[in-house]
Amino acid sequence: IAVLSVTLSESMLSSVLFPFLPWLVRDLGVPADSVALYSGLLSSAFNVSSLAGAVVWGRLSDVHGRLPVLALGLGSNAVSMVLLGLSASFPQAVAARLVAGCLNGNAGIARAAMREMTTEETRAHGFGLMSLAYGVGFFLGTNIGGLLAQPAELVPSLLAGSLLDRFPYLLPCAIATSGGLLSLLL
């Protein structure tokens, strides 16, 4: 269950920003004619930086065990998502995504853990469940991002002038982070 929970939360954390990404980039001061380019840069920052860290984290998980390294990856991803939600400039947002990628090799480590936990007969089922968990996490993340971004615009009478008004993308980032923190408990 822990490996499936990690897979679900990683997918949720990586997909939550997609529905609001162009608005986030625009609100961080990027000119309208460059929003698409900068959105692509921000969305890919995690994946590019994870290339640098994946081998290191995989080796650390071989030496120190899968679960501690998975927990560290989840924790760093959670912190970086909150930092993304609190970003006041495009460079801050990119830094949050780059740090998240560098400090997280969970995709490969979770697969290694699943292989070690299954037998030849159950491996296909285990990896099928991982794919399901990833899909559910992606579904949840995109819906959280789409439904909870810019909450002060939805209920200005309650949230005008609040932290969620100042940082309109903090709520979906924080809610998605709670899935990662729940995974830490499992």
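Up top you'll find the structure we're talking about.
Summary of the structure given here. Quantities reported herein were computed from a predicted structural model and do not represent experimental measurements.

Next up on the list: helix H4 (residues 66–85). With 20 residues, H4 ought to run about 28 Å at 1.5 Å a step, and its terminal C-alpha atoms sit 29 Å apart, in line with that. Turning to H4, its buried residues are Arg 66, Val 69, Leu 70, Gly 73, Leu 74, Ser 76, Asn 77, Ala 78, Ser 80, Met 81, Leu 84 and Gly 85. Those residues of H4 hidden inside the fold are in contact with helix H1 (2–15), helix H2 (21–27), helix H3 (35–64), helix H5 (90–102), helix H6 (106–117) and helix H11 (170–185).

For any two aromatic rings, the description comes down to two numbers: the centre-to-centre distance and the angle of the planes. Scanning the model with the defined rule gives four aromatic pairs in all. On the numbers, 6.0 Å between centres and 40° between planes, the contact of Phe 18 with Phe 138 is tilted. One end of the pair, Phe 18, is in the loop between H1 and H2; the other, Phe 138, is in helix H7 (residues 123–148), and 120 residues separate them in sequence. Under the relative-accessibility criterion, Phe 138 is labelled partly exposed at 31%. Here the aromatic rings of Phe 20 and Tyr 169 are separated by 5.0 Å at their centres, their planes lie at 25°, and the arrangement is stacked. In this pair, Phe 20 sits in the loop between H1 and H2 while Tyr 169 sits in the loop between helix H10 (163–166) and H11, placing the two residues 149 residues apart along the sequence. On the accessibility criterion, Phe 20 (2% relative accessible area) is buried. Within the aromatic cluster, the residues linked to one another by ring pairs are Phe 18, Tyr 134 and Phe 138.

The rules we used
- Residues numbered from 1 in each chain as written.
- Predicted model: local features only at pLDDT ≥ 70, side-chain atom pairs only at ≥ 80, totals over all residues.
- Heavy atoms only, no water.
- Helix = DSSP H or I, 4+ residues; strand = E, 2+ residues; numbered from the N terminus.
- Expected span 1.5 Å × (residues − 1).
- Buried < 20%, exposed > 50% of the residue type's maximum accessible area, 1.4 Å probe, protein only.
- Contact = heavy atoms within 4.5 Å.
- Phe/Tyr/Trp six-rings, centres within 6.5 Å; stacked < 30°, edge-to-face > 60°.

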